[in-house]
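Geometric and topological summary
Single-letter residue listing:
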Amino acid sequence: MLRRLKLVNDVRRFSTVIRDTLEYDVLIVGGGPAGLSAAIRLKQLCQQQERDISVCLIEKGSYVGAHILSGNVFEPIALNELIPDWQKIEDFPIETKVTEDVVKILTSPTKSFTIPKIFMPKSIDNHGNYIISLGQLSQWLGKHAEELGVDLITGIAGD
Ligand SMILES: Cc1cc2nc3c(=O)[nH]c(=O)nc-3n(C[C@H](O)[C@H](O)[C@H](O)COP(=O)(O)OP(=O)(O)OC[C@H]3O[C@@H](n4cnc5c(N)ncnc54)[C@H](O)[C@@H]3O)c2cc1C
């Protein structure tokens, strides 16, 4: 028993010795819209203030966007603030604008009843919004973050 414990301790000590360490000023866990926006904003502030801090973002998916729920109605207010000229940047994945909101109550497998527009709550008004893949948006934000100098490390879960 004691010998086994000693072996476990030796292995632990050994694994501590060979473990790689990367040092960063900021570590962000999760490559969703929130983590990526935080990383981008930090690097933008660095550029504005002419200083640098190292930022690393780890994502448990095999690539940024892999674990993101995709279908999404997207209100671009926050993106307009973060990257004001996003529409002009190449490869941007947002294309489909919402043109009409319709709410239907399904009454049978083949029939439905459309709720008149005057009864629709304001929260269902999506004019000016977009229909996007949040996974694709995250991939694009990831590319943008990397261009600003953020180190993206995928396939690693923060513990
Ligand atoms: C069914 C559904 C429909 C939705 N529809 C809409 C919609 O139409 N419009 C809208 O605006 N919002 C919608 N939302 C909400 C929207 O998806 C979230 O607000 C948004 O994804 C939150 O972004 P986030 O970056 O905080 O988290 P997430 O998008 O959840 O991203 C978190 C990221 O962190 C990673 N991660 C988690 N834990 C770890 C870890 N320990 N280590 C490393 N990586 C980790 C995950 O893999 C993921 O990539 C919907 C949500 C759901 C569930």
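On a predicted model such as this, the values are computed, not experimentally measured, just so you know.

Overview of the pairing of strand β2 (residues 55–59)
- Residue alternation in β2 divides its side chains into a buried set, Val55, Leu57 and Glu59, and an unburied set, Cys56 and Ile58.
- Looking at chain direction, strand β1 (residues 26–29) and β2 are connected through four bridges and run parallel. Looking at β2, one finds that Leu27 is bridged to Cys56.
- With helix α2 (residues 33–48) bridging β1 and the parallel β2, this β-α-β connection has right-handed handedness.

A word on α2
- With 16 residues, α2 extends 22 Å from end C-alpha to end C-alpha; this agrees with the ideal 22 Å at 1.5 Å per step.
- Looking at the buried side of α2, the elements it contacts are β1, β2, α3 (77–82) and α4 (134–147).
- Once α2 finishes, Glu50 follows within two positions and takes phi at roughly 50°, a positive value.

What to know about the nonpolar core
- With 13 residues, the main nonpolar core has Ala39, Leu57, Leu141, Ala145 and Val150 as its most contacted residues.
- Among the secondary structure elements, those contributing two or more residues to this core are α2, β2 and α4.
- Top contributing element to this core by residue count: α4, with four residues.

Description of the sheet that holds β1
- If you trace the three strands from one edge of the open sheet to the other, you get β1-β2-β8, paired in parallel fashion. Pairing within the sheet leaves two strands with one partner each, and these edge strands are β1 and β8 (151–154). Averaged over all pairs of adjacent strands, the angle between strand axes in this sheet comes to 20°, irrespective of strand direction.

Looking at the environment of Val29
- Here Val29 is to be found in strand β1.
- C-beta crowding within 10 Å serves as the criterion here: with 14 such atoms nearby, Val29 is assigned to the partly exposed category.
- C-alpha of Val29 to C-alpha of Lys60: the two residues are 31 residues apart in sequence and 8.7 Å apart in space.
- In this structure, Val29 is in contact with Gly35, Ile58 and Gly158, ignoring residues within four places of it in sequence.

Here's the deal with the environment of Val55
- Inspection of the secondary structure assignment puts Val55 in strand β2.
- Note: C-alpha distance between Val55 and Ile40 (15 residues apart in sequence) is 9.4 Å.

Points about the packing of α2 against α4
- At their nearest, the axes of α2 and α4 sit 10 Å apart, and the two run at 20° to each other. The angle between the axes of α2 and α4 places the two elements in the roughly parallel class. In the crossing of α2 with α4, the sense of the turn from one axis to the other is left-handed. On α4, the residues touching Pro33, Leu36, Ser37, Ala39 and Ile40 of α2 are Leu134, Leu137, Ser138, Leu141, Gly142, His144 and Ala145.
- Of the residues in the contact of α2 with α4, the class split is eight nonpolar, four polar and no charged.

What counts, and where the lines are drawn
Residues numbered from 1 in each chain as written. Predicted model: local features only at pLDDT ≥ 70, side-chain atom pairs only at ≥ 80, totals over all residues. Buried ≥ 20, exposed ≤ 12 C-beta atoms within 10 Å, placed from the backbone. Helix = DSSP H or I, 4+ residues; strand = E, 2+ residues; numbered from the N terminus. Pairing = 2+ DSSP bridges. Right-handed = clockwise from strand over helix to strand, strands pointing away. Expected span 1.5 Å × (residues − 1). Contact = placed C-beta atoms within 7 Å. Core = buried A, V, L, I, M, F, W, Y, C linked by C-beta atoms within 7 Å. Axes fitted to C-alpha atoms, helices over the stretch in contact; angles between N-to-C directions. Parallel < 35°, antiparallel > 145°, perpendicular 65-115°, else oblique. Left-handed = near helix turned anticlockwise from the far one by under 90°. Nonpolar A, V, L, I, M, F, W, Y, C, P; charged D, E, K, R; others polar.

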